[in-house]
Amino acid sequence: MLNENSTPKAANKGRINILLVDDQSANLHVLEAVLAELDEVLVSVSSGEQALRELLVREFAVVLMDVHMPTMSGFETAGLIRSHPRSRTLPIIFLTAVGDDRAHMEHAYALGAVDYLTKPISPVILRAKVAFFIDLYRKTAEIALHAQATHLEALRTRDERIRLILDNTRDYAFIGTDTDGIVTEWEGGAETITGWFAAKACGEPSAIIFTPEDRAAGVPGYEMRTARETGRADDKRWHVRRDGTRFFADGVMVPLRDEADKLRGYAKIFRDATSERLAAEQLEMSELQLGESRQRSQRAEEGMRRLAAVAAQSSDFIGIASSEARTSYVNPAGRRLAGLAPDAALGEYRIGDFFAPDCKAFVEAVVLPAVRGRQARWEGELRMRNFQSGAILPIYYKGFAVFDDEGQNIGLASIMRDITAQKQAENELRRVAADLAEADRRKSEFLATLAHELRNPLAPIRTGLDLIRMAAPGAPNMAKVHEMMDRQLGHLIHLVNDLLDVARITRGKIELKREASDVATLAAMAVETSMAALNAGGHTLSIEVAPEALPLEVDVTRIVQVLSNLLNNAAKYTPAGGRIVLRALREGDDALLSVLDNGVGIAQEDLGTLFDMFTQVGRNLDRSQGGLGIGLSLVRRLVELHGGSVSATSAGRDQGSTFTVRLPLHLGNAAAVASLAPCGAAPGALRVLVVDDNVDAGASLSTLLEALGHSTRVAVDGEQGLVLAAAFRPHLAFLDIGLPGMSGHQLARAIRATSGLEGMLLVALTGWGARADVAMSQQAGFDRHLTKPVDITALTSVLAAAARPGSSSAMEQP
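Residues numbered from 1 in each chain as written. Predicted model: local features only at pLDDT ≥ 70, side-chain atom pairs only at ≥ 80, totals over all residues. Heavy atoms only, no water.

## Brief notes about the packing of aromatic side chains
- One pass over the structure, following the stated rule, counts 12 aromatic pairs.
- When the centroid spacing of 5.0 Å and the interplanar angle of 75 degrees are considered together, the rings of F75 and F94 count as edge-to-face. Taken together, the positions of F75 in helix α3 (residues 74–83) and F94 in strand β4 (residues 92–96) put the pair 19 residues apart, joining distant regions of the chain.
- Its relative accessible area of 10% is what places F75 among the buried residues.
- Ring geometry for F362 versus W378: centroids 5.8 Å apart, planes at 70 degrees, classification edge-to-face. Here the residue F362 occupies a position in helix α14 (residues 357–372), and W378 occupies one in strand β13 (residues 377–385), the gap between them amounting to 16 residues.
- On the accessibility criterion, W378 (17% relative accessible area) is buried.
- Here the aromatic cluster, defined as three or more aromatic residues joined through ring pairs, consists of F317, Y349, F354 and F387.
- For the cation-ring pair, R242 lies above W196, with the distance from its terminal atom to the ring centre recorded as 5.1 Å. (Phe/Tyr/Trp six-rings, centres within 6.5 Å; stacked < 30°, edge-to-face > 60°. Helix = DSSP H or I, 4+ residues; strand = E, 2+ residues; numbered from the N terminus. Buried < 20%, exposed > 50% of the residue type's maximum accessible area, 1.4 Å probe, protein only. Lys NZ or Arg CZ within 6 Å of the ring centre and 35° of its normal.)

## A look at the pattern of salt bridges
- On inspection of all chains with the given rule, the structure shows 36 salt bridges.
- Here R58 makes a salt bridge to E54, at a shortest N to O gap of 2.9 Å. For the pair R58 and E54, a shared accessibility class is recorded, and that class is buried.
- Ionic pairing is found between R241 and D272, a salt bridge with its closest N-O pair at 3.1 Å. In this pair, R241 sits in the loop between β8 (233–240) and β9 (246–257) while D272 sits in strand β10 (residues 263–272), placing the two residues 31 residues apart along the sequence.
- Salt bridges here are not isolated pairs; linked through shared partners, they connect E223, D235, R237 and K268. (Salt bridge = Lys/Arg side-chain N within 4 Å of Asp/Glu carboxyl O.)

## As for the pairing of strand β3 (residues 62–66)
- The buried count for β3 comes to 5 of 5 residues, which makes it a mostly enclosed element.
- In β3, alternate side chains face the same way, and those of V62, L64 and D66 on one face and V63 and M65 on the other are all buried.
- Here β3 pairs with β4 via 4 bridges, running parallel. Across the sheet, D66 pairs through a bridge with L95, a residue of β4.
- Crossover β3 to β4 through α3 is right-handed. (Pairing = 2+ DSSP bridges. Right-handed = clockwise from strand over helix to strand, strands pointing away.)

## Looking at the confidence of the model for the chain
- Averaged over all residues, the pLDDT of the chain is 81; the fraction at 70 or higher stands at 81%.
- In the model, residues 1–12 has pLDDT below 50 throughout and makes 26 contacts with residues more than four positions away in sequence or in other chains.
- Taken together, the stretch residues 618–625 has pLDDT below 50 and engages in 14 contacts with residues farther than four places along the chain or on a different chain. (pLDDT = per-residue confidence, 0-100. Contact = heavy atoms within 4.5 Å.)

## Let's talk about the sheet that holds β13
- Taken together, the 5 strands give an open sheet; going across it, the order is β12-β11-β15-β14-β13, and neighbouring strands pair in antiparallel fashion. On the outer flanks of this sheet lie β12 (327–330) and β13, each paired with one strand and no other. For this sheet, the mean inter-axis angle between neighbouring strands, taken without regard to orientation, is 25 degrees.
- Summarising the sheet, β13 and strand β14 (residues 392–403) pair through 9 bridges and their orientation is antiparallel. For G380, the partnering residue across the bridge sits in β14 and is Y397. (Axes fitted to C-alpha atoms, helices over the stretch in contact; angles between N-to-C directions.)

Shown next as structure tokens:
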């Protein structure tokens, strides 16, 4: 969009210029916003002087001008515009914040204004009026362009005859220039019209006939550029003769191109139309003076006709009624909106009849009295009805009175716009805003809960460390401290694993390891996993599993995780000494696994969002084990990855709840159900190498391994680890990946390349556990990939594998 400092170069080709004049920048911004959807070039200036300068350098379809401005008023500016030949017929719409002052209005129309609008101005009316003059300007330009094309074609096909005409015609000046605008031909009536002889004019710039103000404004160059870019430039402006007198030229400039379409110069053809121009201006002034009294008496009628002409092109409902509200005119778009046939008798309808029944009384009691009364206008949102379909539509209504020259109300005008789409958009924006607010609330709640859940286990762990630091060697009760710290560490690991699982599922990075199993085995494993939580609450657990085989093909770890989460939830939200039931049965081709409890229950309004992220069951500030609110979301996502579903029911608060997992049975492999073997016996004594630059981590793992009966060596970097491996020849090595200097991957490759260390079991022990990290470890030569912190079960499994000579170990996923 152009501002007052813009040049004509900023205007987009094919778009129409509209001049906005107001000393208040806020008003200019409002006009720009209202007219933006017209997609035309809006030139905004803050004074009459700036407006006059803009009119010298470009053409405008219409000018919207404030009446009251500090240095030069709108009326003074309009008077100067009308005094200049180029802008004498330019449409001007006056805008004012003052009430309907008849003297000001008459002054405006006396200056040739096409309209006089009082602020605040309806955006719909303003756009409609401006769009009318844009359309008029564009159609006029199209007619002129068509005439030009016809004229140029005639010139091209009649070169010889034109030469004869040039030699014998003195009414038209024919000027040829090179590409820089230097005169090369001065033919026809050029000498007679301009007073410049050909011998003197040739070699001079064609700008010698332009007025000083046009030369200062760069009009000669702009005319050539327009001709070059569009194929023609109209030459209807005042020029200056050699003796300084002025004449009005009516002609055109066209580019001269050769057969290769290369620009060779320009041809400027015009005639002296000064007498016609002056006569037309005089005639216009005479007609204006003679018809002034007649225009005063007919102004209201002409305004109505003008409104009807604009209304016919509008997509809004525009209607005109008598002062008694009896309808006399409805535009085509309005008839369609109201469901009226083209030949419907409008006189049978009053304004109030077009509105919905619940709005009709308001229209009759409030709207029409306001339009007829002192205010003479009313606007706002209402509802109208379609006579044909009976549909009720939300509309924005504006009604105003039409007065004659004596101030008598001679009619009422109504403008209605269907705002159904706008209302739908507003509702959608409100819904999106509500969703975003809810998401932000849940995020904030989650972060607060996460901080709370992390501090809970960290506090006793810190206390336990202080107790260990303060206790004398062999002090009693250290076993309880160790047990407490181990339990809290497990809680931390569980929180982190849940977060990682949700992140993997969200990114589509989780990969299920399906294998044959059965419901009874999965239920037993889940109960074993959750037994600590069940015992801590003193709950009674009942297991009701159907006697028939219920075979599944699932990722055993993940389904056990699902059932364990549900059992833990039941234990968490059931008061001490409650009853929990794990039930498994068959329904058609599905297995139903349900966890029932007699705990706090779930309110009906919470059931809809129960499985959403960061939502907690029965959240209460006095429950210290509230969790992060991701467990049930994780359950749903894991079950859906297996092609199943999960649901929850509850009779209400304190009525207990039931969570049901539905999984498809794998009936084809019932005989191939795999049983989970218990861990083997503890392995024999092994030589174990630990390489970790974290001294505490390496020392603690070494101490644990020696407590299990193994001998260890510890290195803090890759080079030391390689030396110890060659000297110690361990059965098993735990290597950190992020080592200084030689990384864990490089150390693994070096060990694999060292003679005598071929049978060593290499385990990557790292905090990185993505699929890509596991693949990199496998490529480096590792046998296993474990993520920190590693639990005793995984450690025992690795030790057992290392104790089996010649056994091959698959890479363990994190």
